[in-house]
Amino acid sequence: MGIWKMYAITFVEIIIFLVVGFLLTQNVLSNIYESADIAYLGNVGVFWFGLSFLLFCLYTLFRTYILSKRSPLLTERITSITFWIVFIWSAYSVFSPFVKGEI
């Protein structure tokens, strides 16, 4: 598979996870925060991107290690320092309100 085709597939995956993340942020994450007595106000876009990229990173890890789908693009993605920084940042942005008690 050509490298540009793999990048196009990755771009489509990211767009799909942004849409799914938006829907989950508005319908699920807001209810979870409010049930934990955390006011769901402020910069909600950070939580949207955080949840979207957290789902994308978890999908990549699942696809690489559980399904054992090895491809050059997945191998490059997993070994990239940027991938792990995005994974840590997104996990922090989604779970930090539970520790702080506020957004």
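That block above? That's the structure.
Since we're looking at a predicted model, the values are computed, not measured.

A. Just the packing of aromatic side chains, in detail. A complete count under the given rule lists 10 aromatic pairs for this structure. Taking 5.6 Å as the distance between ring centres and 70 degrees as the angle between the ring planes, the aromatic pair formed by Tyr33 and Phe47 counts as edge-to-face. Taken together, the residues Tyr33 in helix α1 (residues 3–35) and Phe47 in helix α2 (residues 44–66) connect sequence positions 14 residues apart. Note on accessibility: Tyr33 and Phe47 belong to one class, buried. Measuring from ring centre to ring centre gives 5.1 Å for Phe83 and Trp84, while their planes differ by 85 degrees; the resulting arrangement is edge-to-face. Using a relative accessible area of 30% as the deciding quantity, one classes Trp84 as partly exposed. An aromatic cluster is present here, built from Phe22, Trp48, Phe49 and Phe53 joined pairwise through their rings.

B. Broad picture of helix α3 (residues 72–79). The complete set of buried residues in α3 reads Leu73, Leu74, Arg77 and Ile78. The buried residues of α3 occupy an angular sector of 130 degrees when the element is viewed end-on, so they sit on one face. Seen from the buried face of α3, the exposed residues on the opposite side, beyond 90 degrees, are Pro72 and Thr79. Looking at the buried side of α3, the elements it contacts are α1, α2 and α4 (81–100).

C. Representation of the pattern of salt bridges within the structure. Here the structure, examined in full by the defined rule, presents two salt bridges. Note that Glu13 is salt-bridged to Arg63, the shortest N-O span being 2.9 Å. Here Glu13 is found in helix α1, whereas its partner Arg63 is found in helix α2, with 50 residues between them in sequence. Relative accessible area serves as the criterion here: at 22%, Arg63 is assigned to the partly exposed category. Glu13 is paired through a salt bridge with Arg77; the nearest N and O atoms lie 3.7 Å apart. Here the residue Glu13 occupies a position in helix α1, and Arg77 occupies one in helix α3, the gap between them amounting to 64 residues. The two residues Glu13 and Arg77 agree in class, both being buried.

D. A look at the environment of Trp4. One can find Trp4 in helix α1. Take Trp4: its relative accessible area is 71%, and that puts it in the exposed class. Separated by 56 residues in the primary sequence, Trp4 and Thr60 place their C-alpha atoms 19 Å from one another.

Quick notes on the rules
Residues numbered from 1 in each chain as written. Predicted model: local features only at pLDDT ≥ 70, side-chain atom pairs only at ≥ 80, totals over all residues. Heavy atoms only, no water. Phe/Tyr/Trp six-rings, centres within 6.5 Å; stacked < 30°, edge-to-face > 60°. Helix = DSSP H or I, 4+ residues; strand = E, 2+ residues; numbered from the N terminus. Buried < 20%, exposed > 50% of the residue type's maximum accessible area, 1.4 Å probe, protein only. Arc of directions from axis to C-beta. Contact = heavy atoms within 4.5 Å. Salt bridge = Lys/Arg side-chain N within 4 Å of Asp/Glu carboxyl O.

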